[in-house]
Amino acid sequence: MTFTVHVAGSELSFPCEPREFVLDAAERAGYSMPSSCRKGVCNTCETALLSGEVEQRGKGRRTARDGSALVCRAQPRADLTIRPKRFERIDIFRRKTITATVYRLARPAPDVTILTLRFPIGLRAPFKAGQYLQVIMEDGDRRNFSMANAARHNDGAELHIRHVPNGKFSEKALSRLAVGDRLQVEIPHGDFHLRVSPRPVILLASGTGFAPIKSIVETAIHAGNDRPMHLYWGGHRREHIYLFDLAANWQRRLPWFTSTPVLSDAPASWAGRTGLVHHAVREDHRDLSGAQVYACGNPKMVEAAQRDFTADHGLPEAEFFADAFVDSGPSASGDSQRA
Ligand SMILES: Cc1cc2nc3c(=O)[nH]c(=O)nc-3n(C[C@H](O)[C@H](O)[C@H](O)COP(=O)(O)OP(=O)(O)OC[C@H]3O[C@@H](n4cnc5c(N)ncnc54)[C@H](O)[C@@H]3O)c2cc1C
Ligand code: FES
């Protein structure tokens, strides 16, 4: 039996199968809602549940009495009425599974690898700057990594991978990977991308959270952007801002772009900003009511930024967009990525 999901306050509805996640069904119908990890970990997709009942994978049944559901992991058990924080018509690029070839491996910092993949000749995978792909390992396990390349360079992908201690992909598989090897990816995923708006943009990154931000900025450069963008890129030490010179170069070349690197564990020789990266934004922008914020990287940073910017600096909830780089392996949700 197919259920119907109604979107409160609108005439919109879409069908959802009992074994389908509500988020997948919305996307199949051509709509996007806030989402990031798709594993029930980051809470980005938390949506008000006004009526009906869902099976929240790993968390049991939820009804309107519970108030909300994580739609990335919720399967319907009745017709539903939901009120998402955002519900947009999107041109979803058709998701493709591609066997890519490793083209380049670089180590800009001791714990970061830049992995450049090329797709087979003639094959392109359109995506929106800011989105991510899933690496599919030999045993079928999947890991999320954001594209760092400009959206028009869609005949391959550049990934910035932080080495997670004991990481199955980022330490073990990556250390065995060589130029010319094959790697399966599924692309694109996610709804983190730049929205059309006159609002000035604050880009907030920690560590490899710079990857989707790089894609956004390089895509904006090509589009002839003149909307103000201010990047705050945080790391413990200088090496964590592993493409420091690139961001500095953008600042020199682009009248609309400013870069502020922020170190939380700075040496005495560091003349720049120090402390938590989102605190630097708070110091510089007391009033964020007219801004739009894009935050990526450490989940604690993303959570604190969202809380503080909206509670203390007037940023409207709907103007905060984020990808929290949570664990994307099977341990994240306790089962495999696929229903
Ligand atoms: C939407 C999205 C986009 C992402 N994009 C990027 C990206 O561009 N670059 C990047 O470096 N990472 C990114 N990540 C994070 C990355 O997918 C995970 O860190 C992934 O689990 C690493 O895989 P692994 O096989 O190396 O480690 P795993 O084998 O998955 O994990 C090994 C151990 O480390 C823990 N762990 C793994 N990741 C984390 C984490 N982030 N925080 C805390 N503990 C963790 C696990 O629980 C496990 O115990 C993204 C995550 C999401 C959700
Ligand atoms: S919890 Fe659903 S997208 Fe992260």
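Scroll up to find the structure this text is about.
A quick note: this is a predicted structure, and the numbers were derived from the prediction, not measured. Each chain has its residues counted from 1, following the order in which its sequence is written. Whichever chain is written first becomes A and whichever ligand is written first becomes 1, with later ones labelled in order. Residues qualify for local features only when their pLDDT is at least 70, as the model is predicted, and side-chain atom pairs are given and counted only at 80 or more; totals for whole chains, interfaces and linings, by contrast, use all residues.

1. A look at unusual backbone geometry
Backbone geometry follows two general trends: most residues other than glycine have a negative phi, and most peptide bonds adopt the trans configuration. Of the consecutive residues I187 and P188, the connecting peptide bond is found in the cis state with omega at 0°. Secondary structure is summarised from DSSP: a helix means a run of H or I of at least four residues, a strand means a run of E of at least two, and numbering begins at the N terminus for each. Turning to its location among the elements, P188 is positioned in strand 16 (residues 182-189). Not every positive phi belongs to a glycine, and R38 is a case in point at roughly 60°. As for its placement among the helices and strands, R38 is situated in the loop between strand 3 (31-32) and strand 4 (46-51). Its identity is not glycine, yet N43 carries a phi of approximately 70°, on the positive side. Position of N43 relative to the elements: it lies in the loop between strand 3 and strand 4.

2. A closer look at the nonpolar core
V185, L203, L204, I213, Y232, V293 and Y294 are the most contacted members of the largest nonpolar core, which totals 69 residues. Considering each element in turn, this core owes the most residues, six residues, to helix 3 (residues 210-222). Residue pairs are scored as contacts if the distance between their C-beta atoms, which are placed from the backbone, is within 7 Å. Not counting chain neighbours up to four residues away, the residues in contact with I213 comprise L203, A205, L231, Y294 and C296. Defined on buried residues, the nonpolar core groups Ala, Val, Leu, Ile, Met, Phe, Trp, Tyr and Cys residues joined through C-beta atoms within 7 Å. Whether a residue is buried, exposed or partly exposed follows from its count of other C-beta atoms within 10 Å of its own C-beta, namely 20 or more, 12 or fewer, or something in between, respectively; the C-beta atoms are built from the backbone. Residues C16, V22, L49 and I82 belong to the second largest nonpolar core, which totals 20 residues.

3. Comments concerning the site of ligand 1
Whether a residue is near a molecule or strand depends on its C-beta atom, generated from backbone atoms, being within 6 Å of that molecule or strand. Inspection of the region around ligand 1 gives 26 residues, with G167, F169, S170, S328 and G329 positioned closest. Elements represented by at least two residues in the shell around ligand 1 include exactly strand 14 (142-146), strand 15 (156-162) and helix 2 (168-176). Here the shell around ligand 1 takes four residues from strand 14, the largest share from any one element. Residue polarity is assigned by list, with Asp, Glu, Lys and Arg as charged and Ala, Val, Leu, Ile, Met, Phe, Trp, Tyr, Cys and Pro as nonpolar; anything else, Gly included, falls into the polar class. Looking at the shell around ligand 1, its residues break down into nine nonpolar, twelve polar and five charged. In terms of domain composition, the shell around ligand 1 takes at least three residues from each of domain 2 (96-191) and domain 3 (201-324). Annotation comment: domain bounds sourced from an automatic or database domain assignment.

4. So, the sheet that holds strand 19 (residues 257-263)
Either a parallel or an antiparallel arrangement is found when strands of a sheet pair, and the pairing is made through backbone hydrogen bonds. Pairing in this open sheet of six strands is parallel, and the strands run 20-19-18-17-21-22 from one edge to the other. Edge positions in the sheet fall to strand 20 (273-274) and strand 22 (320-324), since each of these pairs with one other strand and no more. Pairing between two strands is assigned when DSSP locates at least 2 bridges connecting them. Across six bridges, strand 17 (residues 201-206) lies against strand 18 (residues 229-235) in parallel orientation. In the sheet register, V201 faces strand 18, and the bridge partner there is M229. Relative to the sheet, helix 4 (residues 244-253) contacts strand 18 and strand 19, its axis offset from that of strand 19 by approximately 145°. What counts as an axis is a line fitted to C-alpha atoms, over the stretch in contact for a helix, and the angles between N-to-C directions run from 0 to 180 degrees.

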